[in-house]
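Take a look at the letters that make up each chain.
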Number of protein chains: 2
Amino acid sequence: MKRFEKHIFVCENVRPEGHPRGCCSEKGSLELRQQFKSRLKELGLNVHIRANASGCLDACEFGPTVLVYPEQTWYGGVKLEDVEEIIQEHLINNKPIERLMIKDPKYNRDA
Amino acid sequence: MKRFEKHIFVCENVRPEGHPRGCCSEKGSLELRQQFKSRLKELGLNVHIRANASGCLDACEFGPTVLVYPEQTWYGGVKLEDVEEIIQEHLINNKPIERLMIKDPKYNRDA
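Residues numbered from 1 in each chain as written. Chains lettered and ligands numbered in written order. Predicted model: local features only at pLDDT ≥ 70, side-chain atom pairs only at ≥ 80, totals over all residues. Heavy atoms only, no water.

Novice: Explain the overall build of chain A here, please?
Specialist: Check the secondary structure of chain A and you find 2 helices and 4 strands. Secondary structure elements in chain A, listed N-terminal to C-terminal, are β-α-β-β-β-α. For 111 residues, the compact-globule formula gives about 13 Å, and the C-alpha radius of gyration of chain A, at 13 Å, lands near that figure. Expressed as lengths along the three principal axes of its C-alpha atoms, the size of chain A is roughly 40 × 30 × 25 Å. Within chain A, buried positions represent 50% of all 111 residues. The contacts in chain A between residues at least 6 apart in sequence include a share of 62% that link residues at least 24 apart. Taken as a whole, chain A presents about 5,300 Å² of accessible surface, with 50% of it coming from carbon and sulfur. A distance of 5 Å separates the average location of the 17 positive side-chain charges in chain A from that of its 17 negative side-chain charges. (Helix = DSSP H or I, 4+ residues; strand = E, 2+ residues; numbered from the N terminus. Rg over C-alpha atoms; globule rule 2.2 N^0.38 Å. Buried < 20%, exposed > 50% of the residue type's maximum accessible area, 1.4 Å probe, protein only. Contact = heavy atoms within 4.5 Å. Areas by Shrake-Rupley, 256 points an atom, 1.4 Å probe, with all protein chains shown as cover. Lys, Arg positive; Asp, Glu negative; His and termini not counted. Charge placed at Lys NZ, Arg CZ, Asp CG, Glu CD.)

Novice: Please clarify how the pairing of strand 3 (residues 66–69) of chain B should be interpreted in this entry.
Specialist: For a regular strand, side chains alternate in direction, first toward one face of the sheet and then toward the other. Residue and element names in this part refer to chain B. Side chains V66 and V68 project from strand 3 onto one buried face, and the interleaved L67 and Y69 project onto a second face that is buried too. In the sheet, strand 1 (residues 6–11) pairs with strand 3 via 4 bridges, with the strands oriented antiparallel. Of the residues in strand 3, the one forming a bridge with H7 is Y69. Pairing geometry for strand 3 and strand 4 (residues 73–75), over 3 bridges, is antiparallel. Among the inter-strand pairings, V66 is bridged to a residue of strand 4, identified as Y75. Linking strand 3 back to strand 4 in an antiparallel pair, the connection comprises 3 residues, with Q72 at a positive phi of about 55°. (Pairing = 2+ DSSP bridges.)

Novice: Hey, could you run me through the pattern of salt bridges in this one?
Specialist: Where charged atoms from two side chains of opposite charge come close, those side chains can pair. Per the counting criterion, the structure on display carries 18 salt bridges over all chains. The shortest N-O distance in the salt bridge between R21 of chain B and D58 of chain B comes to 3.0 Å. Pair noted here: R21 of chain B is in the loop between strand 1 and helix 1 (29–42) and D58 of chain B is in the loop between strand 2 (49–54) and strand 3, with a separation of 37 residues, a long-range link. Judged by relative accessible area, R21 of chain B falls into the partly exposed class, the value being 26%. The network of salt bridges with common partners includes R3 of chain A together with R21, D58 and E61 of chain B. (Salt bridge = Lys/Arg side-chain N within 4 Å of Asp/Glu carboxyl O.)

Novice: How do you make sense of the relation of the copies chain B and chain A when you look at a structure like this?
Specialist: For these two chain copies, the linking operation is a rotation about an axis paired with a shift along it. It takes a turn of 180° to lay chain B on chain A, together with a shift of 0.0 Å along the axis; the resulting RMSD is 0.0 Å. Look at the turn and shift together and you get a two-fold axis relating the two. Of the C-alpha atoms belonging to chain B, the one lying closest to the rotation axis is found on S54 of chain B, 2.0 Å away. Take the interface residues of chain B: 100% of them recur as interface residues in chain A, which is what a same-surface contact looks like. (Least-squares fit on C-alpha atoms with pLDDT ≥ 70 in both.)

Novice: Which parts of the structure should I look at to understand the nonpolar core?
Specialist: Side chains of nonpolar character tend, in soluble globular proteins, to be buried together. Ranked by internal contacts, the top residues of the largest apolar core, which has 22 residues, are F9, L67 and W74 of chain A together with F9, L67 and W74 of chain B. Mapped onto this core, the elements with two or more residues apiece are strand 1 (6–11) and strand 3 (66–69) of chain A together with strand 1 and strand 3 of chain B. (Core = buried A, V, L, I, M, F, W, Y, C linked by side-chain atoms within 4.5 Å.)

Right under this line is the structure:
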């Protein structure tokens, strides 16, 4: 097994207010990562699954953006109440969640 | 093909001066990411290969830490002059560079 079995990157990029692409931080991504982090710890999963902050993932329009490696699954518009489902279904049961995936065809093409 | 063929995360975490684990930013990781970014652009590779900032990757002692997905290759102590080799050998030719890999057995176990 690699250092991390699953590695979740939550975009925390900050752009100036009013930027046409928006940014993930203004859409609640900091709280989102915090929620992943604390739930993974509560479940005792934080040794092998890491919720990581990242800089701009270049999917600003779809934010808050959550990217799961090694499979490179791109989630967009993720809400606090989606965190548990991502943890249980995707991170634990390995079933990526179709309804949360970014629909733009540039992303998730093998999904 | 997925959105990014290779996705490089360069840790830019900042810790207070004197922290026992140190941090990647004080070891030059910002310049490192900048170098990846500008060389990838010069080579016309930046559409499919992205150099991304990340928060703490929890490999502080080995920093600056550079993590390459989807293969999850962990590089440590990366210097500006290593960037070209990582791009040419690993990112283009798919041959991860043994001498730059973090030697702690927690990392790169399948390498």
